[in-house]
Amino acid sequence: MEQGILLYGPPASGKDTITSLLTDLDRRYVPFTRLKIGTGRTHGYRMASRERLRELEERGEVVYRNDRYGNTYVVDQPGLRDATSEGRVPVVHLGQITGVRAVADGFPARWWRVLLWCPRATTEQRSLGRGDADTTARLEAWDATERDVADNPGMDWDLLVHTDDVSPEVAAERIHALVTAAG
């Protein structure tokens, strides 16, 4: 059965860094590149047009869609099929619990749900440190993430990692241990 990792957490909680370290630990891990419709940063996304989005929606191939920072981000069936082929384990970044549930319920695989957490001040410090031009929007997203977690107390996480308390390497090793212990 296919496997995948769903990384959820506020902006700057370490999703990119931990994903990179996971790919260093085991070549089966691959970053899932969501479709992005819009402008701004293109690295780490498969850029698509509104027309492409409409085609996917008409075929029922949109697993999850969200709109943030003035853009549309999509987890799609064709992308997940490709990412899980040949024994690969995609690492999907999500910023909403509804997205975690939508992917876990909408694409057949053993999904590991991992909550990465850091304090708001850590998000601010990391965002400023990496030169984000939209730190205020990232802090608003942090606030929304905190509300999202509070509004979903029954969410079943396979692992919670406080990324302000452990190094990214330790976080990646914990996730890798979780995945490999099951299989």
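Calculation rules
- Residues numbered from 1 in each chain as written.
- Predicted model: local features only at pLDDT ≥ 70, side-chain atom pairs only at ≥ 80, totals over all residues.
- Heavy atoms only, no water.
- Helix = DSSP H or I, 4+ residues; strand = E, 2+ residues; numbered from the N terminus.
- Buried < 20%, exposed > 50% of the residue type's maximum accessible area, 1.4 Å probe, protein only.
- Contact = heavy atoms within 4.5 Å.
- Pairing = 2+ DSSP bridges.
- Axes fitted to C-alpha atoms, helices over the stretch in contact; angles between N-to-C directions.
- Arc of directions from axis to C-beta.

K.L.:
A description of the environment of Met1 should follow, citing residues and the corresponding values.
P.N.:
Mapped onto the elements of the fold, Met1 is located in the segment before β1 (3–8). Relative accessible area serves as the criterion here: at 78%, Met1 is assigned to the exposed category. Separated by 107 residues in the primary sequence, Met1 and Pro108 place their C-alpha atoms 8.3 Å from one another. Beyond its immediate sequence surroundings of up to four residues, Met1 is in contact with Ala109 and Arg110.

K.L.:
So what about the sheet that holds strand β5 (residues 62–68)? Which residues, and what values?
P.N.:
Strand order in the open sheet formed by four strands is β4-β3-β6-β5, with mixed pairing between adjacent strands. The two strands at the open ends of the sheet, each matched to only one other strand, are β4 (46–47) and β5. Taken together, the six bridges between β5 and strand β6 (residues 71–76) define a ladder with antiparallel strand orientation. Paired with Arg65 across the two strands is Val74, which belongs to β6. Helix α2 (residues 50–58) contacts β3 (35–37), β5 and β6 of the sheet and is inclined by roughly 140° relative to β5. Packing of helix α4 (residues 97–106) onto the sheet brings it into contact with β5 and β6, and relative to β5 it is tilted by some 165°.

K.L.:
Can you explain helix α1 (residues 15–25)? Please cite residues and give values.
P.N.:
For α1, the set of buried residues is Lys15, Ile18, Thr19, Leu21 and Leu22. In an axial view of α1, the angular spread of the buried residues amounts to 165°, which keeps them on one side of the axis. Residues of α1 that are buried make contact with β1, β2 (29–31), β7 (89–94), β8 (110–117) and α7 (168–182).

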